[in-house]
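Residue-level structural notes
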Amino acid sequence: ASSALGAILAVLASLIITANVLVAIALLRLIHKSSSKGLYFVLNLAVADAMVGFTVVGLVMDEFSQPFYPPQIFCVLRMAFVTSSSAASILSLILVACDRHLAIRKPFHYFQMVTGLRVGVRLVGLWLVAAVIGFLPVFTPAFQKTANREKCSFFSVFHPAYMLTVFCAGFFPALFLFMYLYCDMLKIASVHVQHIREVEHAGLAGGCPPSRTTSDMKAMRTVAVLIGCFTLSWLPFFIASIVQTVCPGCFPYQVIENYLWLLGLCNSLLNPLLYSYWQKDVRLQLCQLAAGVKRRGL
């Protein structure tokens, strides 16, 4: 069972790293050609997801090294890196959603508001918050469990109080913020559609809808897909973890670690796949990159 889990983690980590590195390269090429600073948030999302893949590689080595009983501080540091990378990925999703929300709500002032300095400050703040979330048990021994002879995992190194703090103060507020942003974008888009219908009824519009409305719908579609995949990937893990934390005997933690956590990790693989599929510019850069590699190979 340990070897099977290690093989699954190895394949998943390889796919996560490969997909996000390719999308990051495509985004760098796109940023070089475009003046949009919002692409840096998407690039940061790809970097954070790639780091999730790299942190999983260490867990793969543990699975293939059973029985492996490392020191307590080793496990705490390893799981801190895993938690920080996952937190950075979730926070990056929030920044992407906020950026798309700002582009829809303030379309005429967007480029004045989203400057390079402000983007840099937000990204630095994001990684600082993610580091604080992940490494809080390292600097707060009360959030660590007593030494044991189990393998490195969330439930073997983190205290239930830390788990509840992260889940209730991190995941669920993020989910509610996602829902608010999407509902607000939906309300703005409905107002735009109503305005277009009024103009068309007055006979002042041509046969084509304004490009701004088309852009709004694409942004809403992207955010909706990201929210849906984020919820389906992480919600089962967080709910089951809260139940297991409050009532340790009510739910086997092996199911959470071996199955539900893998489902959450799949979100780091879905994010680059979604952007490469839904975003035409990213898809075009990937096609050009593949064509260039093919020409060099021939």
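Here the structure is a predicted model, which means the values were calculated and not measured.

1. Some thoughts on the nonpolar core
Membership of the largest hydrophobic core comes to 84 residues, with the highest contact counts inside it found for Phe154, Phe237 and Trp261. Examining the composition of this core, we find that 15 residues originate from one element, helix H3 (residues 72–105), more than from any other. What Phe154 contacts, discounting residues up to four positions off in sequence, is Met79, Val82, Thr83, Met163, Phe237, Glu257 and Trp261.

2. Digging into the environment of Ile90
Residue placement: Ile90 occurs in helix H3. Along the primary structure Ile90 and Leu126 are separated by 36 residues, whereas in three dimensions their C-alpha atoms are 10.0 Å apart. For Ile90, the residues in contact, after removing those within four places along its chain, are Ala174, Phe230 and Trp234.

3. A closer look at the packing of H3 against helix H5 (residues 116–139)
Interaxial distance between H3 and H5 falls to 8 Å at its minimum, and their mutual angle equals 145°. Viewed along their axes, H3 and H5 form a crossing whose handedness is right-handed. From H3, Val76, Leu77, Ala80, Phe81, Thr83, Ser84, Ala87, Ala88, Leu91, Ser92 and Leu95 reach across to H5, where they touch Arg122, Leu123, Leu126, Trp127, Val129, Ala130, Ala131, Ile133, Gly134, Phe135, Pro137 and Val138.

4. Considerations on H3
With 34 residues, H3 extends 49 Å from end C-alpha to end C-alpha; this agrees with the ideal 50 Å at 1.5 Å per step. For H3, the tally of buried residues reaches 26 of 34 residues, placing the bulk of the element in the interior.

5. Overview of helix H10 (residues 280–297)
For H10, which comprises 18 residues, the first-to-last C-alpha distance of 26 Å matches the rise-based estimate of 26 Å (1.5 Å per residue) to within 8%. For H10, the full list of buried residues reads Val282, Gln285, Leu286 and Gly292. The arc that holds every buried residue of H10, seen down its axis, measures 125°, which confines them to one face. Set apart from the buried face of H10 by more than 90 degrees, the exposed residues are Lys280, Lys294 and Arg295.

6. Focus: the UniProt feature "transmembrane region" (unreviewed entry) in the protein
Residues annotated by UniProt as "transmembrane region" (unreviewed entry) correspond here to residues 6–28, 40–61, 73–98, 119–140, 160–182, 219–239 and 259–278. From the first C-alpha to the last, residues 160–182 spans 32 Å; its make-up is 100% helix and 0% strand. This span, residues 259–278, is 100% helix and 0% strand, and a straight line between its end C-alpha atoms measures 28 Å.

Cut-offs used in this document
- Residues numbered from 1 in each chain as written.
- Predicted model: local features only at pLDDT ≥ 70, side-chain atom pairs only at ≥ 80, totals over all residues.
- Heavy atoms only, no water.
- Core = buried A, V, L, I, M, F, W, Y, C linked by side-chain atoms within 4.5 Å.
- Buried < 20%, exposed > 50% of the residue type's maximum accessible area, 1.4 Å probe, protein only.
- Helix = DSSP H or I, 4+ residues; strand = E, 2+ residues; numbered from the N terminus.
- Contact = heavy atoms within 4.5 Å.
- Axes fitted to C-alpha atoms, helices over the stretch in contact; angles between N-to-C directions.
- Left-handed = near helix turned anticlockwise from the far one by under 90°.
- Expected span 1.5 Å × (residues − 1).
- Arc of directions from axis to C-beta.
- UniProt positions renumbered as here; feature names shortened; annotations may be inferred.

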